Amino acid sequence: MEITWFPPQILSPDPRESRLRKGVRKTAEVVLGAAGGALGSVGGLAGGAVLAPVEGARSGFSGKPPGHDAHSIEKAFPLVDRLAVAVHDKVSPLVGSFAASLIGGAAGAVIGITVGSAAGLFYGFTLGASGGAKLADHIIPPPKGELSVTAIGDKPPIPVQPARVVAIKGPDKIMLMDQVIQESRFFDDLEAKWKESGKPKDEFSIALKPNLMMMTHKEDPVATYTDPELLEYLIDGIREKGFTRIYVVESQNTYGNWYRNRSVENVARVAGMKPEEHGYRIVDLTLDQVPHSYGGRLGNHPAGRTWKEADYRISFAKNKTHISCVSTLTLKNLYGLTPLQDKGLEYHAKREWDKAALDMMRNFPVDFGFVDGFWSADGLLGFKGTPNPKKTEMIFAGKNLVAIDTIATRMMGVNPKDNNLIRQAAEILGDPEIELASNVPAEYRHPDWDNVLVGMRRSVPDVIAKSAAYQILEEKIPKYMVPAADVFEESYASYTAGGILSNVLSGMQMDPAEFPVKPWDKLGSHIQKGMIEDLKNLIKDPARLKDILEDLGASKGVATT
């Protein structure tokens, strides 16, 4: 596969901002955004209500039913949207904020006569709120990182300081994987780590952690779990270098509360993995526990022995969205290493899932990361299922997980700092300067990509969903949704109810033959027991109460692009 390289692109990290200044700026954004949204809402609702009878009368003369003339919205709405954006960007922020709200009301009138006042209210609120947020950013601007591009030959050089990330796009997944392995210099890094160990190759252990346990049925295309063909292609290459102690590790998850046959080995079998054919072992970390002292939030807590004792560790993630952290990539993949099966109770309710992932990162450093983005899962519930897989045709790789996840999240069209794991990991490991080696530019975004607002997007007319105002709303929503999701998941009851309900909403279909649902009496007793234990823990554990307050507080505020 021929690769046309862009010159190496150097991305500098975002400047730091004090917690107090961030809190003041976020408060101003919320207040002004709410004010602008209220103004636009009134305009949209009133405009639709007043003008709807006019449309009805016009339809009576024309003989067409009201609301069935799609041409008016298709023609008028883009014009109103462009006018709103022009006011937003060209006029002073103060005028633009309120003018945008008034234009939202006018757009509401146009939409109200063809679709209904509810759509007019929504658009008016969207545009008004974005105007208020823009005004707040003008009064107290957020710190801005800069992107500089340096041309250094046709091929990416070996960097000295910047964290190097390879991100390649191509139509053939195996050729693409081969190209990414070569350009990331993965085998050079593996050989260097082996030589440093002083061990024979047959004693040097390599552990690969795919994103596997959200697999619910054999997918074609593979969009919600790491593609076994890509994983095993990498393993075949490792074996060709003479390494034989190769393990694919995972741990059981919450699906085991509700469905049968959810051992790691069985899920891997259903996914199509062939360990005997490719010369590796599958290890269920839930059955492979040893004691460990993590410090941090986990404290004295079990660890998966194979992962703990590995000489070389690889996080091989899937390219997906996530309601709790915007994007789930190589860092979020480490959360799946937590060995206890009932993750809803043990890590969401008791110990904070993000703190657990960070403790894993600190205690067992990962040597290399890959992200399978050949097929991806987007939308509100992309992490667990999507009815519309996206063929993004990309694979990402590098040594620095923060850098990899930063690039992959940018290409979703989201500020990486909206991902609380990327933000916290950067505070621990340092915010890297990134050298992007790619055949797409740094500003590339996956086409037709839906982030966490997809549920609302599908409930509004397509012409609205594609509007600039809607894009502004979709960009802003993660910083409010992520803390809300964190608090929601603190309750075992809400986590369980939300988990079961979201299975339906996501279009996820658990294979009834491979993973039959458990009897309802066992499900009921399990949930009741978990709720009682969760309530006791909430009362007795001051650290957990502190975590909840942090979720609600200013420390969860994040910068927007």
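Residues numbered from 1 in each chain as written. Predicted model: local features only at pLDDT ≥ 70, side-chain atom pairs only at ≥ 80, totals over all residues. Heavy atoms only, no water.

Draft legend 1. Here's a closer look at the confidence of the model for the protein. Per-residue confidence for the protein gives a mean pLDDT of 78; residues scoring 70 or more make up 62%. Below a pLDDT of 50 lies the segment residues 146–160, which in the model reaches 31 contacts outside its immediate sequence neighbourhood of four places, other chains included. Segment residues 554–561 is flagged for pLDDT under 50; beyond a separation of four residues in sequence, or across chains, it makes 31 contacts in the model. (pLDDT = per-residue confidence, 0-100. Contact = heavy atoms within 4.5 Å.)

Draft legend 2. Here's a closer look at unusual backbone geometry. The peptide bond linking Asp220 to Pro221 adopts the cis configuration, its omega dihedral lying at 10°. Checked against the element boundaries, Pro221 lands in the loop between strand 4 (205–210) and helix 7 (228–240). The residue Arg185 is not glycine, and still its phi comes out positive at about 60°. Along the polypeptide, Arg185 turns up in the loop between helix 5 (173–183) and helix 6 (186–197). Classification of Arg185 as partly exposed rests on a relative accessible area of 24%. (Helix = DSSP H or I, 4+ residues; strand = E, 2+ residues; numbered from the N terminus. Buried < 20%, exposed > 50% of the residue type's maximum accessible area, 1.4 Å probe, protein only.)

Draft legend 3. Representation of the packing of aromatic side chains within the structure. What the rule picks out here adds up to 13 aromatic pairs. Centre to centre, the rings of Phe186 and Tyr312 are 6.1 Å apart; their planes meet at 70°, and the pair counts as edge-to-face. Here Phe186, found in helix 6, pairs with Tyr312, found in strand 9 (residues 312–322); they are 126 residues apart in sequence, far enough to count as distant. The exposure class assigned to Tyr312 is buried, which follows from its relative accessible area of 0%. With centroids separated by 6.2 Å and ring planes inclined at 75°, the aromatic side chains of Tyr335 and Trp353 adopt a geometry described as edge-to-face. Taken together, the positions of Tyr335 in the loop between helix 12 (330–333) and helix 13 (343–349) and Trp353 in helix 14 (residues 353–363) put the pair 18 residues apart, joining distant regions of the chain. (Phe/Tyr/Trp six-rings, centres within 6.5 Å; stacked < 30°, edge-to-face > 60°.)

Draft legend 4. Spotlight on helix 6. Taking 1.5 Å of rise per residue, 12 residues should cover 16 Å, and helix 6 covers 17 Å from first to last C-alpha, within 8% of that figure. Buried residues of helix 6: Phe186, Phe187, Asp189, Leu190, Glu191 and Trp194, and no others. Summarising the contacts, the buried residues of helix 6 are in contact with helix 5, strand 4, helix 7, strand 9 and strand 11 (368–377). (Expected span 1.5 Å × (residues − 1).)

Draft legend 5. Broad picture of the packing of helix 15 (residues 401–410) against helix 16 (residues 420–429). Running from N to C, helix 15 and helix 16 cross one another at 150°; their axes reach a closest spacing of 10 Å. As judged from the angle between their axes, helix 15 and helix 16 are roughly antiparallel. Note on packing geometry: the crossing formed by helix 15 with helix 16 is left-handed. Across from Val402, Asp405, Thr406 and Thr409 in helix 15, the residues of helix 16 making contact are Ile422, Ala425, Ala426 and Leu429. Partitioned by chemical class, the residues of the contact of helix 15 with helix 16 number five nonpolar, two polar and one charged. (Axes fitted to C-alpha atoms, helices over the stretch in contact; angles between N-to-C directions. Parallel < 35°, antiparallel > 145°, perpendicular 65-115°, else oblique. Left-handed = near helix turned anticlockwise from the far one by under 90°. Nonpolar A, V, L, I, M, F, W, Y, C, P; charged D, E, K, R; others polar.)

Draft legend 6. Structural detail: helix 15. With nine of 10 residues buried, helix 15 lies mostly within the body of the structure. Within the sequence span of helix 15, burial applies to Leu401, Val402, Ala403, Ile404, Asp405, Thr406, Ile407, Ala408 and Thr409. Near the N-terminus of helix 15, the side chain that reaches the backbone nitrogen of Val402, with its oxygen 3.0 Å away, is that of Asn400. (Polar contact = N/O pair within 3.5 Å; in protein donor to acceptor, adjacent residues only side chain to side chain.)

Draft legend 7. The arrangement of the pairing of strand 3 (residues 163–169) in detail. Counting buried positions along strand 3 yields six of seven residues, so the element is predominantly enclosed. As paired strands, strand 3 and strand 12 (residues 394–398) are joined by five bridges and run antiparallel to one another. Within strand 12, the position partnered with Lys169 by the bridge is Met394. (Pairing = 2+ DSSP bridges.)

Draft legend 8. Examining the pattern of salt bridges more closely. Enumeration according to the criterion identifies 20 salt bridges in this entry. For Lys399, the salt bridge identified is with Asp189, shortest N-O distance 3.0 Å. Placement of the pair is Lys399 in the loop between strand 12 and helix 15 and Asp189 in helix 6, with a sequence separation of 210 residues. With a shortest N-O distance of 3.8 Å, Asp450 and Lys390 are connected by a salt bridge. Of this pair, Asp450 sits in the loop between strand 13 (434–438) and helix 17 (454–457) while Lys390 sits in the loop between strand 11 and strand 12, and the two are 60 residues apart along the sequence. By the burial criterion, Asp450 is buried, and Lys390 matches it. Salt bridges sharing common partners tie together Lys173, Asp227 and Glu229. (Salt bridge = Lys/Arg side-chain N within 4 Å of Asp/Glu carboxyl O.)

Draft legend 9. Focus on the nonpolar core. Among the nonpolar cores identified, the biggest contains 54 residues, and Val249, Trp307, Leu331, Phe396, Ile407 and Met411 are the most heavily contacted of them. Sorting the residues of this core by element identifies strand 3, strand 5 (245–250), helix 14, strand 12, helix 15, helix 16 and strand 13 as the ones contributing at least two each. Residues contacting Trp307, with those up to four places away along its chain left out, are Ala207, Leu208, Lys209, Val249, Leu285, Arg313, Ile314, Leu337, Phe364 and Val366. In terms of nonpolar packing, the next biggest core, distinct from the first, is built from 52 residues, Trp258, Val264, Phe374 and Ala397 among them. (Core = buried A, V, L, I, M, F, W, Y, C linked by side-chain atoms within 4.5 Å.)

Draft legend 10. Region of the structure containing the environment of Tyr225. If you trace the backbone, Tyr225 turns up in the loop between strand 4 and helix 7. Considered as a pair, Tyr225 and Ala377 are 152 residues apart in the sequence and their alpha carbons are 9.2 Å apart. With residues near it in sequence (within four places) discarded, Tyr225 still touches Asn211, Leu212, Met215, His217, Lys218, Glu219, Ala271, Lys318 and Asp372. From its side chain, Tyr225 meets the backbone nitrogen of Glu219 in a polar contact 3.2 Å long.

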